[in-house]
Amino acid sequence: SMAKSPETEHPVKVSGYAARDSSGILSPFNFSRRSTGDRDVQFKVLYCGVCHTDLHMIRNDWGSSHYPIVPGHEIVGVVTEVGSGVEKFNVGDKIGVGFIVGSCRNCDQCDSDLENYCRKQIHTFNRINSDGTITYGGYSNIMVVDEHFGIRWPENFSPAIGAPLLCAGITTYSPLRYYGLDKPGQRIGVVGLGGLGHIAVKFAKAFGAIVTVVSTSSRKKSEAIETLGADEFIVSRDTAQLQAAAGTLDGIIDTVSAPHPLLPLIALLKPHGKMVVVGVPEKPLELHAFPLIAGRKLIGGSNVGGIKETQEMIDFAAKHNILPDVEIIPLDYINTAMDRLDRGDVKYRFVIDVENSFQPE
């Protein structure tokens, strides 16, 4: 059969913004989504966060991009239609969608509520969906998602400000929980004070940790301590500061997505300390065996979270009023926003006001 165009392959007409090539320039794009199946929820997109992954993907930094790309996986909307078999949502409910919209649903990982580690997971954009078509993300006005992959959005919790929790929030909450870095009184380091880092600080503080921010920029000290409530601050280029803090941390969440040395960070850990990498630099990081062996230290990784844990994280954030610091933008500002994100010129996360970016027909 002839390949259909994105505009006509499905019945639901959608407006969005897409990148057409590795220049990463986003422009208006009309496409289509599937009709609402028995287990599907259709919703109007209200807000969508802008994640560093979006930037990497539109520019093909990781070599896995298929154009056109409609980015966006920190999505909050309001349900407009539910399939006949849907139990989790009603029309009018708020719904969140994060990094994943599909998985095999029957492997060991899926059975353990770890869809994010399923080998057949389907990402919210730039992946092949179960029907063979490409997934398009939240830089668009309408989404259709299997109810299982929707997150119930708490009442009276801001969808505009909270949207980035669906990726940046779970990306930092999950490793704190999994690696046992969620106990009161622990000393936790957060490396990098960007979109991920500033939320890591907020979650670690909510768990009762004593938090040290590690940053290349001394300018971020007052922000880290006065605004975000961190307890200590280390400039990562200052050898004296690093030496003074050596061996003091129980765990580190490393959020930096630029190449950077690991050795000075590993030295900050106590014996048996754990460093968890959640940022994704384009080039491999250099690792020395000796400091790991000498202190029985671990380097681990973590990738978002399963649906159950993402729901738990959103409910925890709503209960403790943990919200990212955001700048809300219209969709037609997105190319400027991407350039600013590339320079680190945002505190700390852009959120697109999708609903008000599209004029009703």
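Calculation criteria
- Residues numbered from 1 in each chain as written.
- Predicted model: local features only at pLDDT ≥ 70, side-chain atom pairs only at ≥ 80, totals over all residues.
- Heavy atoms only, no water.
- UniProt positions renumbered as here; feature names shortened; annotations may be inferred.
- Helix = DSSP H or I, 4+ residues; strand = E, 2+ residues; numbered from the N terminus.
- Rg over C-alpha atoms; globule rule 2.2 N^0.38 Å.
- Buried < 20%, exposed > 50% of the residue type's maximum accessible area, 1.4 Å probe, protein only.
- Phe/Tyr/Trp six-rings, centres within 6.5 Å; stacked < 30°, edge-to-face > 60°.
- Lys, Arg positive; Asp, Glu negative; His and termini not counted.
- Salt bridge = Lys/Arg side-chain N within 4 Å of Asp/Glu carboxyl O.
- Polar contact = N/O pair within 3.5 Å; in protein donor to acceptor, adjacent residues only side chain to side chain.
- Contact = heavy atoms within 4.5 Å.
- Pairing = 2+ DSSP bridges.
- Axes fitted to C-alpha atoms, helices over the stretch in contact; angles between N-to-C directions.

- An unreviewed UniProt entry lists the protein under the name Geraniol dehydrogenase 1, with Genlisea aurea as the source organism.
- UniProt lists a comment for the protein under the heading Sequence similarities (unreviewed entry), and it reads "Belongs to the zinc-containing alcohol dehydrogenase family."
- Database annotation for the protein, UniProt heading Cofactor (unreviewed entry): "Zn(2+)".

1. Notes on the overall build of the protein
Then, number 1: Regarding its fold elements, the protein presents eleven helices and 17 strands.
Then, number 2: For the protein, whose C-alpha radius of gyration is 20 Å, the value lies close to the compact-globule estimate of 21 Å for 361 residues.
Then, number 3: In terms of principal-axis extent, the alpha carbons of the protein reach across some 65 × 40 × 40 Å.
Then, number 4: Each of the 361 residues in the protein was classed as buried or not, and the buried ones make up 55%.

2. Things to note about the packing of aromatic side chains
Then, number 1: In the structure shown here, the tally under the stated rule is ten aromatic pairs.
Then, number 2: Centre to centre, the rings of Tyr173 and Phe203 are 5.3 Å apart; their planes meet at 65°, and the pair counts as edge-to-face. With Tyr173 in helix α4 (residues 168–178) and Phe203 in helix α5 (residues 195–206), this pair connects stretches of sequence that are 30 residues apart.
Then, number 3: Using a relative accessible area of 2% as the deciding quantity, one classes Tyr173 as buried.
Then, number 4: Under the relative-accessibility criterion, Phe203 is labelled buried at 0%.
Then, number 5: Taken together, the ring pairs connect Tyr173, Phe203, Phe207 and Phe316 into an aromatic cluster.

3. What to know about the side chain of Lys297
Then, number 1: Mapped onto the elements, Lys297 comes out in the loop between α9 (289–295) and β15 (298–301).
Then, number 2: Although buried, Lys297 forms no salt bridge, and the nearest oppositely charged side chain, Asp250, lies 11 Å from it.
Then, number 3: From its side chain, Lys297 meets the backbone oxygen of Leu269 in a polar contact 3.1 Å long.
Then, number 4: When sequence neighbours within four positions are dropped, the list of residues in contact with Lys297 reads Ile266, Ala267, Leu269, Lys270, Pro271, His272, Gly273, Pro291 and Leu292.

4. Details of the UniProt feature "domain: Enoyl reductase (ER)" (unreviewed entry) in the protein
Then, number 1: Here, UniProt's "domain: Enoyl reductase (ER)" (unreviewed entry) annotation points to residues 24–352.
Then, number 2: Between the C-alpha atoms that bound residues 24–352 the distance is 17 Å, and the span itself is 26% helix and 26% strand.

5. Observations concerning the sheet that holds strand β12 (residues 232–235)
Then, number 1: Pairing is parallel across the open sheet formed by six strands, whose spatial order is β12-β11-β10-β13-β14-β15. For this open sheet the edge positions go to β12 and β15, each flanked by a neighbour on one side alone. The average undirected angle you get between the axes of adjacent strands in this sheet is 20°.
Then, number 2: Here five bridges tie strand β13 (residues 249–254) to strand β14 (residues 269–277), and the two strands are oriented parallel to one another. Its bridge partner being in β14, Ile253 is matched across the sheet by Val276.

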